[in-house]
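Descriptive structure summary
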Amino acid sequence: MCDRIVLFAKQPGKTSFSSLFTIKHAFNTQKVGHTGTLDSFASGLLVVCCGALTRLAGRITEFDKTYEAVLCFGTETDTLEYTGSVVRTAPLPQEEKLIQAVENFTGEIMQKPPLFSAIHVNGKRASDLARSGVEAEIPARKVTVYSSEILEIQKNSENLVEYARIRFTVSKGTYIRSLARDIGIFCGSASHLTGLLRTKVGSFELKNAAGYSYLPEFNIQNAILISQGQLKECDHEQELQEIVKNNSEKMSPQLADYCGFASITLKKQSEKWFYNGGKLASSMFNISLFTIQNEFAAVFTEEKEFAGLLQKDKNGYFKYSFVVHKN
């Protein structure tokens, strides 16, 4: 089994699930899981866990994320992106109003998720309800937009904003599609996403991802071309599988640091006790567990092999999260 983490650059037009095909075939395994879905129209960074490391997926999903988004003004769609049907039109905004809107939606905000989303309402996906014609009532929830920056603006002949490319760094659960909708409304206009690129997940960066060089440059013009079906991806499947093999990483102290984990070493004489789930004690490790400030601690053997993950309970004591047994 290949216990690794892969940074993968998803192409626009593919689902996150279908994008895992390359990694499954590269390692000849079905045990893979990404750590945060990207919509089909979107592109960018997927952090993919393989083998035993799939148990880290839930933790990585919690990380903050950075996106670049191209907003198209004047129309709002039911899906809040370009593949949807137009539900509202409005005048284009002035640049000054756009600047105010972006500032207004920076910080801690209450956000209403899109109707077309994976959120469950009464046991059913909101997107499934929306497709069947049922408009689910999804309550607003608190999210954080840590930073926003307008990177590029395209105006019409009357000096009104048609498109804007904006970088957002946000907390888990923030919908960039909803930000686009709300920014448009604040501007006295309407808007939806023409393009979306995820560039960071926690400390993981898109520029280090397998397939990054195959992504088209992300700017307003290319986002428009992709939305119009004029910029097609090339088939690089065989090359990508080789790149994935050469760029995947085993869990290491450096990778643990990227994940926000402390790294501790399990003493040789304590390995059998640890692998059998024996009661944890500081004497088993190279450091006292009571001195660790992190919520999680990645455990490595003296041979630098990843042995498992510990997590603090509500009383501040470390417990087993999971153990990776030697093959």
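Below is a summary of the structure that appears in this document. On a predicted model such as this, the values are computed, not experimentally measured, just so you know.

How each quantity is defined
Residues numbered from 1 in each chain as written. Predicted model: local features only at pLDDT ≥ 70, side-chain atom pairs only at ≥ 80, totals over all residues. Heavy atoms only, no water. Helix = DSSP H or I, 4+ residues; strand = E, 2+ residues; numbered from the N terminus. Contact = heavy atoms within 4.5 Å. Areas by Shrake-Rupley, 256 points an atom, 1.4 Å probe, with all protein chains shown as cover. Pairing = 2+ DSSP bridges. Axes fitted to C-alpha atoms, helices over the stretch in contact; angles between N-to-C directions. Phe/Tyr/Trp six-rings, centres within 6.5 Å; stacked < 30°, edge-to-face > 60°. Buried < 20%, exposed > 50% of the residue type's maximum accessible area, 1.4 Å probe, protein only.

A few words on the overall build of the protein. Per the secondary structure count, the protein includes ten helices and 17 strands. Referenced to the eigenvectors of the C-alpha coordinate spread, the extents of the protein come out at roughly 75 × 45 × 40 Å. Contacts spanning at least 24 positions in sequence make up 68% of the contacts within the protein whose residues lie at least 6 apart. With the model as given, the accessible surface of the protein reaches about 15900 Å², and the carbon-plus-sulfur share is 47%.

Turning our attention to the side chain of S171. Along the polypeptide, S171 turns up in the loop between β11 (161-170) and α6 (176-186). Setting aside residues no more than four positions away along its own chain, S171 makes contact with D64, V143, T144 and Y146.

Across the sheet, four strands lie side by side as β14-β15-β16-β17; this open sheet has mixed pairing. Because the sheet does not close on itself, it has two edges, and the strands there are β14 (262-265) and β17 (318-323). Each strand of the sheet is rotated relative to its neighbour by a mean of 30°, with strand direction disregarded. As defined by bridge partners, strand β15 (residues 296-300) adjoins strand β16 (residues 306-312) across five bridges and the pair is classed as antiparallel. Within β16, the residue paired with V299 across the bridge is G308.

Turning our attention to the packing of aromatic side chains. The full count for this structure, using the stated rule, is ten aromatic pairs. With centroids separated by 5.7 Å and ring planes inclined at 85°, the aromatic side chains of F204 and Y258 adopt a geometry described as edge-to-face. Residue F204 is found in strand β13 (residues 204-205), and its partner Y258 is found in helix α9 (residues 253-258); the two are separated by 54 residues along the sequence. Judged by relative accessible area, Y258 falls into the partly exposed class, the value being 32%. On the basis of an interplanar angle of 55° and a centroid distance of 5.3 Å, the ring pair of F274 and Y320 is categorised as tilted. Of this pair, F274 sits in helix α10 (residues 271-275) while Y320 sits in strand β17, placing them 46 residues apart in sequence. Among the residues examined, F274 registers a relative accessible area of 0% and is labelled buried. One aromatic cluster in this structure is built from F274, Y275, F285 and Y320.

The next subject is unusual backbone geometry. With phi around 70°, L80 is a residue other than glycine that occupies positive phi space. Within the secondary structure, L80 is located in the loop between β5 (75-77) and β6 (86-89). Among the residues examined, L80 registers a relative accessible area of 4% and is labelled buried.

Both β16 and β17 contribute to a ladder of five bridges, which runs antiparallel. Note that in β17 the partner of L310 across the bridge is Y320. Turn length for the β16-β17 hairpin, with the two strands adjacent in sequence and antiparallel, is five residues, and the turn residue G316 shows positive phi of about 90°.

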